[in-house]
Amino acid sequence: PGASPRRFTVRVRREWAPRGAARFVELVEDRHYDDCAFFRVIRKFMCQFGISGNTTRQAAWRSRSIKDETVPAETRGSNVRGTVSFAHAGPDTRSTQLFINLVDNKRLDRQNFPPIGEVVEGMDVVDSIRATGEGAPSGKGPSQSL
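All residue numbers refer to position in the chain's written sequence, counted from 1. Where totals are concerned, whole chains, interfaces and linings use all residues; where local detail is concerned, this predicted model gives features only for residues with pLDDT of at least 70, and gives and counts side-chain atom pairs only at 80 or more. The side-chain numbers reported here are obtained from all heavy atoms of the structure, hydrogens and water having been left aside.

What is the right way to look at the side chain of Gln58 in this model?
The topology assignment puts Gln58 in helix α2 (residues 55–62). The buried label applies to any residue whose accessible area, calculated with a 1.4 Å probe on protein chains only, is under 20% of its type's maximum; exposed applies above 50%, and partly exposed to all values in between. Judged by relative accessible area, Gln58 falls into the buried class, the value being 1%. Within polar-contact distance, the side chain of Gln58 engages the backbone nitrogen of Ser52 at 2.8 Å. In DSSP terms, a helix is any run of H or I states spanning at least four residues, a strand is any run of E spanning at least two, and both are numbered starting from the N terminus. Polar contact is defined as a pair of N or O atoms within 3.5 Å, subject to the rule that within protein one atom must be able to donate a hydrogen and the other to accept it, and that residues adjacent in sequence are counted only when both atoms are side-chain atoms.

Written out as C-alpha cells, the structure is:
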C-alpha cells in the first residue's frame, strides 16, 4: 500500500472564466479527476493533469471542447502562482486538461489561458509533485496519448 493521498483545494472563480469554471465543476461532479495523475510537471512553470485513466470517460469528454472565454480583461484572473487554467491546443479546444501555475506566468494571459480558479489550501502538496518534464516524444515525461 502506498502513502495516504494528499489533497489540495481549488476555489472556482466563475467571474474569471464562466465557461471554463462551469466545465471544471461539471467534470468534478462527474468524478473525472478521481485518481488522475499529474503527467506534465515542469519546475518553475506549471503542473498539468486531467487525462482520466478511464478511457471511456476520457473519450466522452475529449470530443466536448468548450468555446474560448469572452470575459473582459479587467474581470479575468491572471496566471499567477496557484491559479488553475485549462490547457488547450488552439482556439476553442479546452476539454479536460488543466494546469496549476507553480510561479507567476502572466505571459499566458495574452495566450488565452484564463484561470478558472485558485488553490486556496494545499499549495505545499502541489509544490511537492515530482517534476516529469515535457511528455514524450519531446521530453522524458510520460506520453499524453491514450
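Just checking my understanding: could you explain the layout of surface pockets for this structure?
Two kinds of site are reported from a 1 Å grid over the protein atoms alone, namely cavities, where a 1.4 Å probe fits but cannot get out, and pockets, open sets with protein on both sides within 12 Å along at least five of seven lines, and residues are called lining when an atom falls within 4 Å of a point. Grid points are joined across faces, edges and corners, and a volume is the space filled by probe spheres set on the points. In this model, the largest pocket occupies a volume close to 780 Å³. For the largest pocket, the lining is made up of 20 residues, of which Arg6, Arg7, Phe8, Tyr33 and Cys36 are closest to its centre. Any residue outside Ala, Val, Leu, Ile, Met, Phe, Trp, Tyr, Cys, Pro, Asp, Glu, Lys and Arg is labelled polar, Gly included; the first ten of those are nonpolar and the last four are charged. Here the lining of the largest pocket is built from residues that sort into twelve nonpolar, three polar and five charged.

When you look at the pattern of salt bridges in this model, what are you seeing that I'm missing?
When the charged atoms of two side chains with opposite charge come close together, those side chains can pair. A carboxyl oxygen of Asp or Glu within 4 Å of a side-chain nitrogen of Lys or Arg is what we treat as a salt bridge. Counted by the stated rule, this structure contains ten salt bridges. Across the pair Arg13 and Glu15 runs a salt bridge, and its minimum N-O distance is 2.7 Å. With a relative accessible area of 17%, Arg13 lands in the buried category. The partner of Glu26 in a salt bridge is Arg64, with the nearest N and O atoms 3.4 Å apart.

In this structure, what is going on with unusual backbone geometry? I would like to understand it.
Located in the positive-phi region is Asp35, a residue other than glycine, with phi close to 65°. Locating Asp35 in the fold gives a position in the loop between α1 (18–29) and β2 (38–42). A relative accessible area of 79% places Asp35 in the exposed class. Unusually for a residue other than glycine, Asn112 sits at a positive phi of about 65°. Among the structural elements, Asn112 can be located in the loop between β5 (98–101) and β6 (115–121). Note on Asn112: relative accessible area 21%, which makes it partly exposed.

Can you walk me through the environment of Trp16 in this structure?
Checked against the element boundaries, Trp16 lands in the loop between β1 (9–12) and α1. Judged by relative accessible area, which is 10%, Trp16 ranks as buried. Sequence separation between Trp16 and Glu74 is 58 residues; the distance between their C-alpha atoms is 9.1 Å. Every residue in contact with Trp16, bar those within four places of it in the chain, is listed here: Val71, Thr75, Arg76, Gly77, Thr83, Pro114, Pro115, Ile116, Gly117 and Glu118. We call two residues contacting when some pair of their heavy atoms lies within 4.5 Å.

How do you make sense of the sheet that holds β2 when you look at a structure like this?
Paired through backbone hydrogen bonds, the strands of a sheet run either parallel or antiparallel to each other. At least two bridges found by DSSP between two strands are what make those strands a pair. Reading across the sheet, the six strands line up as β1-β6-β4-β5-β3-β2 and stay open at both edges, with antiparallel pairing between neighbours. Edge positions in the open sheet fall to β1 and β2, since each of these has one partner strand only. With direction set aside, neighbouring strand axes in the sheet form an average angle of 25°. Inspection of the sheet shows β2 paired to strand β3 (residues 46–49) by four bridges, in the antiparallel sense. Only the stretch in contact is used when fitting a helix axis, every axis being a line fitted to C-alpha atoms; angles between N-to-C directions are given from 0 to 180 degrees.

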